[in-house]
Amino acid sequence: MNWYKQEKGEILKNLGTSIEKGLADVEVQKRVDKYGTNELMEKPKETFLSKLLNQFSDFLVIILIVAALISIFIGETRDSIVIISIVAINAFLGIYQEGKAEKALESLQKMTSPTAKVIRNGHLDVVTTRNLVPGDLVILEAGDIVPADIRLVESSNLKIDEASLTGESVPVEKQSSMAYEEDIPLGDRENMAYMGTIITYGRARGIVVETGHNTEIGKIATQIQSFDEELTPLQKRLNELGKYLGIVTIIVCIIVFAVGILQGRKIMDMFMVSISLAVAAIPEGLPAIVTIVLALGMNKMVKRHAIVKKLLAVETLGSITTICSDKTGTLTQNEMTAVKIFAGNTIYEATGVGYNPSGELIKQGRKIEANKVVDLKNLLSIGVLANDAGINSTNGIYKVIGDPTEGSLVTLAQKADVSKKYMNEHYPRIEEIPFDSNRKMMTTFHKNYLPGKIVSFTKGAPDIIIKKCKYISINGETKNLDNRLREKLLEMNNSFAKEALRVLAFAYREFDRLPREISSNNIENDMVFVGLVGMIDPSRPEAREAITKCKEAGIKPIMITGDYKETAFAISKELGIAKSIKEVIIGEELDNISDRELKEVVKNTTVYARVSPEHKVRIVSALKANGEIVAMTGDGVNDSMALKKADIGISMGITGTDVAKNTAEVILTDDNFASIVAAVEEGRVIYSNIRKFVFFLLSCNIGEIIIVFFSILYNLPIPLLPIQLLWLNLVTDSFPALALGLEKGEEDIMKLKPKDPDSPIIDRIMMADIIVQSITIGAASLLSYTWALQAYPDSLIKARTITFATLILAELLRA
């Protein structure tokens with residue numbers, strides 16, 4: 001139901017609840033039975049049997065199983081046991097490593113039992129959020145996580161951080177009195193609070209309207225589960241390689257079987273030869289080596305702060321051609337920071353990032369003592385006194401309690417040694433006019449700031465405050481704010497805004513005593529303008545470096561954000577993602593183009609602004625349709641569908657929601673964009689090493705085929721038994737192959753372009769090398785075999801042993 005379209009009375013009637021008493025306990029239990037608990041449905045975990053069957057679905061493994069069954073049929077039980085054992089060991093290795101990754105993920109998701117304040121039976125109660133039902137009356141206060149989808153019925157100065165749902169980095173103002181007749185986008189519904197979002201300011205009461213999988217978050221989680229799992233590039237290449245090898249093996253076996261029968265050999269003997277050929281052709285050690293190399297790669301990535309949930313996803317990281325990154329909290333620090341100040345006709349800058357007060361105020365590169373600059377001191381005082389936020393510090397980590405914008409002003413003041421606690425104690429607030437979205441201002445009244453005076457401090461939207469001011473303070477002197485000065489202030493505001501700064505203006509007014517009528521009309525006029533402060537959610541410094549590395553590696557970085565076009569461009573330009581605003585497109589424009597047109601648009605677009613979750617999925621789909629291997633990074637619920645659709649979904653481990661973590665293939669334990677580059681580099685090294693040992697193994701295997709094939713063709717006895725071939729493939733070949741698989745990467749590996757996702761593991765050059773080397777290995781072994789047959793005509797065992805030893809030496813020399 002469109003709850004945001006309903007009036008309060010309709011909501012109460014439809015949900016059978018009361019704004020005074022809430023629900024009765026008996027009714028709550030009935031609704032739990034009807035609607036279920038307030039929890040997101042999880043996709044059922046893959047069973048052990050299902051995982052085991054997946055391991056046996058490979059074409060080469062099937063050929064080996066068939067060979068084992070034929071061995072049993074002809075009485076070679078020993079060979080069949082060895083073959084089956086190899087298949088089983090490979091399968092359990094794969095399951096074990098994926099299980100380890102799952103356990104690492106589970107330990108990352110710390111189990112918590114969040115609570116909610118509700119009115120039931122007319123009394124305030126605290127219950128676990130899983131026990132909420134539609135119709136519950138919930139109390140919301142600053143710092144609370146919204147426990148379900150709620151229609152607000154009362155609100156006071158309410159602001160909600162909806163970044164995890166919409167991507168919007170600035171808290172959204174809410175009004176319970178709003179009601180709509182038309183369809184309204186999720187981010188613009190002022191009378192709704194959605195599950196998983198955070199109350200940053202004010203308080204409210206609301207009625208729970210949806211719980212569990214029916215919430216907006218729940219719908220996203222359900223949609224994620226509807227996406228089909230896609231094969232990774234390595235899976236596709238190994239499957240392709242396996243099919244070719246399998247087909248070649250079957251053809252060679254048929255030819256040799258037919259030649260043997262024509263030569264008059266026994267059928268049972270030819271079955272034995274066919275098994276030998278099958279064993280020779282298939283690199284039995286390959287699955288185990290791939291598994292071990294990928295598993296060790298996973299362990300390396302954990303040390304570099306990336307948990308890879310799927311074994312084969314390790315290599316996919318090395319194939320990435322495009323990284324689509326959510327801006328808030330991924331490319332930026334999600335900590336609003338005041339960076340620029342205009343006061344007393346002078347521009348000042350603030351050093352430091354986030355809510356840590358260790359920075360300082362500077363003018364033209366020199367530190368400023370704010371207490372000695374009247375206008376600057378007044379501006380900072382207004383910033384902390386007309387302010388309801390606070391900063392908490394735990395183990396050197398600073399977090400804002402309340403609105404992030406106000407938190408940045410508290411930090412700014414601390415950098416100038418202006419303490420909020422001291423200011424509140426010495427200049428107490430005695431009255432206020434709260435912020436509202438119509439006025440776009442907030443005013444507080446204080447005593448003791450000026451001797452014998454009551455002072456009102458106002459902060460808010462620059463254009464409105466400049467319009468409401470009659471005077472301006474310059475170097476402590478109050479002057480008339482004429483049109484020339486007014487234009488200069490508006491130009492300064494525009495110059496701040498062009499730098500992607502969120503700008504607030506500050507003003508004050510003096511009174512002999514507290515006015516009888518406290519209203520905006522008679523207070524917020526004829527004020528004295530003090531200055532401007534520009535704030536930004538700063539980019540991560542390591543993200544800039546990572547983006548440079550991405551470009552050097554031929555990877556296209558793309559920023560996807562809920563911000564406005566100009567802000568998005570300014571940040572992307574600073575990060576080095578976009579050079580021109582022509583590279584930026586907004587969600588509204590995406591709505592007006594078809595999927596076919598979008599395929600062309602994505603080729604030249606690096607920034608997507610004001611986009612919805614559906615847009616993100618379309619963007620990823622269009623990039624994939626162009627043959628790109630796409631990674632999508634993010635931490636919010638709003639990223640989850642695109643994380644699932646991408647070839648590699650990368651979630652943040654600290655700030656990431658559970659929905660995002662469950663969806664992604666890779667989780668960054670330090671939320672550091674630079675860790676992605678490290679993971680990509682590791683993925684490239686792993687793929688390069690996989691090619692090396694595939695090259696090595698296949699040249700050895702084809703050499704073995706040549707020996708068996710030509711021996712039969714020239715009517716010689718079988719030169720190698722299946723058990724000897726298994727020894728060669730598992731012992732002689734596997735350890736050198738493993739060593740090749742663990743080599744360090746070449747120094748220029750991140751200077752190379754990503755490999756073509758359609759390119760096979762074996763290219764033309766490698767194929768030519770394999771043919772030359774396998775012929776050499778085969779020829780050397782055949783020569784030793786024919787010599788041994790002549791030297792020891794009465795001992796086939798000796799001839800086979802000499803061939804076996806020659807082949808071992810040839811393969812070690814090849815390594």
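Conventions we followed
Residues numbered from 1 in each chain as written. Predicted model: local features only at pLDDT ≥ 70, side-chain atom pairs only at ≥ 80, totals over all residues. Heavy atoms only, no water. Helix = DSSP H or I, 4+ residues; strand = E, 2+ residues; numbered from the N terminus. Buried < 20%, exposed > 50% of the residue type's maximum accessible area, 1.4 Å probe, protein only. Contact = heavy atoms within 4.5 Å. Areas by Shrake-Rupley, 256 points an atom, 1.4 Å probe, with all protein chains shown as cover. Lys, Arg positive; Asp, Glu negative; His and termini not counted. Charge placed at Lys NZ, Arg CZ, Asp CG, Glu CD. Pairing = 2+ DSSP bridges. Core = buried A, V, L, I, M, F, W, Y, C linked by side-chain atoms within 4.5 Å. Salt bridge = Lys/Arg side-chain N within 4 Å of Asp/Glu carboxyl O. Patch = residues over 30% accessible without salt bridge, like charges linked within 9 Å, V, L, I, M, F, W, Y side chains within 5 Å. Axes fitted to C-alpha atoms, helices over the stretch in contact; angles between N-to-C directions. Phe/Tyr/Trp six-rings, centres within 6.5 Å; stacked < 30°, edge-to-face > 60°. Parallel < 35°, antiparallel > 145°, perpendicular 65-115°, else oblique. Left-handed = near helix turned anticlockwise from the far one by under 90°. Nonpolar A, V, L, I, M, F, W, Y, C, P; charged D, E, K, R; others polar. Polar contact = N/O pair within 3.5 Å; in protein donor to acceptor, adjacent residues only side chain to side chain. Disulfide = S-S within 2.5 Å. pLDDT = per-residue confidence, 0-100.

Q: Provide a residue-level description of the overall build of the protein chain, including the pertinent values.
A: Helix and strand counts for the protein chain come out as 30 helices and 28 strands. Across its three principal axes, the protein chain shows a C-alpha extent of roughly 125 × 70 × 50 Å. Within the protein chain, the proportion of its 815 residues that are buried is 54%. Taking all contacts inside the protein chain whose residues are at least 6 apart in sequence as the whole, residues at least 24 apart take part in 71%. Just so you have it, the protein chain exposes about 36700 Å², and 55% of that area is on carbon and sulfur atoms. For the protein chain, the centre of its 93 positive side-chain charges and the centre of its 101 negative side-chain charges are spaced 3 Å apart.

Q: Report on the pairing of strand S22 (residues 527-536), specifying residues and quantitative values.
A: Across the ten residues that make up S22, a large majority, ten, are buried. Two strands pair when backbone bridges link them, and strand S10 (residues 337-343) and S22 are joined in this way by six bridges, in the antiparallel orientation. Bridged to lysine 340 within S22 is glycine 534. In this structure, strand S19 (residues 469-474) lies alongside S22, joined through three bridges in parallel fashion. Opposite tyrosine 471, over in S22, you have valine 528 as the bridge partner. When strand S21 (residues 502-511) meets S22, the two strands line up antiparallel, connected through seven bridges. By the bridge assignment, alanine 507 is partnered in S22 with phenylalanine 529.

Q: Lay out the side chain of asparagine 493 in plain terms, naming residues and giving numbers.
A: Positionally, asparagine 493 belongs in helix H17 (residues 483-498). Residue asparagine 493 is classed as buried on the basis of its relative accessible area of 12%. Asparagine 493 has contacts with Pro462, Val503 and Leu532, leaving out every residue within four places of it along the chain.

Q: Outline the nonpolar core, supporting the account with residue identities and numerical values.
A: Residues Leu317, Phe529, Phe693 and Val694 are the most contacted members of the largest nonpolar core, which totals 89 residues. Per element, the largest residue contribution to this core is 16 residues, and it comes from helix H26 (residues 673-713). Once residues lying within four places of it in the same chain are set aside, the contact partners of phenylalanine 693 are Leu286, Ile289, Val290, Val293, Ala737, Leu740 and Gly741. Grouped together as the second largest cluster of nonpolar side chains are 39 residues, Ala68, Leu277, Ile282 and Ile706 included.

Q: Run through the pattern of salt bridges, naming residues and quoting values.
A: Scanning all chains against the criterion turns up 29 salt bridges. When the shortest N-O distance is used, the salt bridge between lysine 219 and glutamate 216 registers 3.3 Å. Taken as a pair, lysine 219 and glutamate 216 lie in helix H7 (residues 216-226) at a separation of three residues, close to a single helical turn. Looking at lysine 219, the relative accessible area reads 42%, which means it is partly exposed. For the salt bridge of aspartate 388 with arginine 429, the shortest nitrogen-to-oxygen distance reads 3.0 Å. Taken as a pair, aspartate 388 in the loop between helix H13 (374-385) and strand S14 (390-394) and arginine 429 in strand S16 (residues 429-436) lie far apart in primary sequence, 41 residues in all. By relative accessible area, aspartate 388 is classed as partly exposed at 35%.

Q: Break down a nonpolar patch on the surface for me, with residues and values.
A: Judged by side-chain polarity, Ile247, Ile251 and Ile255 come together as a nonpolar surface patch covering roughly 250 Å² of accessible area. One can find isoleucine 255 in helix H8 (residues 233-262).

Q: Break down the pairing of strand S9 (residues 322-326) for me, citing the residues and quoting the values.
A: Of all five residues making up S9, five are buried, and the element is well covered by its neighbours. Residues Thr322, Cys324 and Asp326 of S9 are buried on one face, and the alternating residues Ile323 and Ser325, pointing to the opposite face, are buried as well. In this sheet, strand S23 (residues 556-560) lies alongside S9 in parallel orientation, the contact comprising five bridges. Bridge assignment links serine 325 to a residue of S23, and that residue is methionine 559.

Q: Tell me about unusual backbone geometry, and name the residues and values.
A: Backbone geometry at aspartate 417 places phi at a positive 60 degrees, although glycine is not the residue there. Located in the positive-phi region is lysine 440, a residue other than glycine, with phi close to 60 degrees. Looking at the element boundaries, lysine 440 is found in the loop between S16 and strand S17 (441-447). A relative accessible area of 42% places lysine 440 in the partly exposed class.

Q: Explain the sheet that holds strand S25 (residues 607-609) residue by residue, including any values.
A: Pairing in this open sheet of eight strands is mixed, and the strands run S8-S28-S27-S26-S9-S23-S25-S24 from one edge to the other. A single partner strand is all that each edge strand has here, and the edge strands are strand S8 (306-308) and strand S24 (584-586). Pairwise comparison of adjacent strand axes, ignoring direction, gives a mean angle of 20 degrees for this sheet. Sheet topology note: the S9/strand S26 (residues 630-634) ladder contains four bridges and is parallel.

Q: How would you explain the packing of aromatic side chains if you had to name every residue and give the values?
A: Under the criterion given, the structure shown has seven aromatic pairs. Ring centres 5.2 Å apart and planes at 75 degrees place the aromatic pair tyrosine 427 and tyrosine 449 in the edge-to-face group. Remark: tyrosine 449 occurs in the loop between S17 and strand S18 (454-460) and tyrosine 427 occurs in the loop between helix H15 (420-426) and S16; sequence separation between them is 22 residues. Classification of tyrosine 427 by relative accessible area gives buried; the value is 18%. Judged by relative accessible area, tyrosine 449 falls into the buried class, the value being 15%. Note on tryptophan 787 and tyrosine 792: the rings are 6.4 Å apart at their centroids and 90 degrees apart in plane angle, and the pair reads as edge-to-face.

Q: Which residues make up the packing of H13 against helix H14 (residues 404-415), and what values do they have?
A: Where H13 contacts H14, the axes come no closer than 8 Å and their chain directions differ by 140 degrees. Classified by the angle between their axes, H13 and H14 sit oblique to one another. Every pair of crossing elements has a handedness; the one defined by H13 and H14 is left-handed. Every residue of H14 that contacts H13 at Leu380, Gly383 and Val384 is listed here: Leu409, Val410, Leu412 and Ala413. Class assignment for the residues of the contact of H13 with H14 results in six nonpolar, one polar and no charged.

Q: I'd like a description of the side chain of asparagine 387, backed by residues and values.
A: Along the polypeptide, asparagine 387 turns up in the loop between H13 and S14. Engagement of the side chain of asparagine 387 in a polar contact is seen with the backbone nitrogen of alanine 389, the distance being 2.8 Å.

Q: Got a sec to walk through the state of the cysteines? Specific residues and values, please.
A: A full pass over the atoms with the stated rule returns zero disulfides. We note that cysteine 550 lacks a disulfide partner, and the nearest cysteine sulfur, in cysteine 324, lies 12 Å from it.

Q: Before we move on, can you summarise the confidence of the model for the protein chain with the specific residues and values?
A: Detailed reading of the predicted coordinates is not advisable wherever pLDDT is low. Chain-level pLDDT for the protein chain is 86 on average; 94% of the residues reach the 70-or-more range. Of the regions scoring below 50 in pLDDT, residues 108-113 engages in eight contacts with residues more than four places distant in sequence or in other chains.

Q: A description of a negative patch on the surface should follow, citing residues and the corresponding values.
A: A cluster of acidic residues, Glu7, Glu10, Glu181 and Glu182, forms a negative patch on the protein surface. For glutamate 7, the location among the structural elements is in the segment before helix H1 (8-15).

Q: Describe in detail the environment of methionine 559, supporting the description with residues and values.
A: Among the secondary structure elements, methionine 559 is positioned in strand S23. According to the relative accessible area criterion, methionine 559 is buried, its value standing at 0%. When the C-alpha atoms of methionine 559 and phenylalanine 709 are compared, they prove to be 57 Å apart, with 150 residues separating the residues in sequence. The contact partners of methionine 559, leaving out residues within four places of it in the chain, are Ser325, Lys327, Leu331, Ala568, Ile571, Ser572, Leu575, Ile577, Thr606, Val607 and Tyr608.

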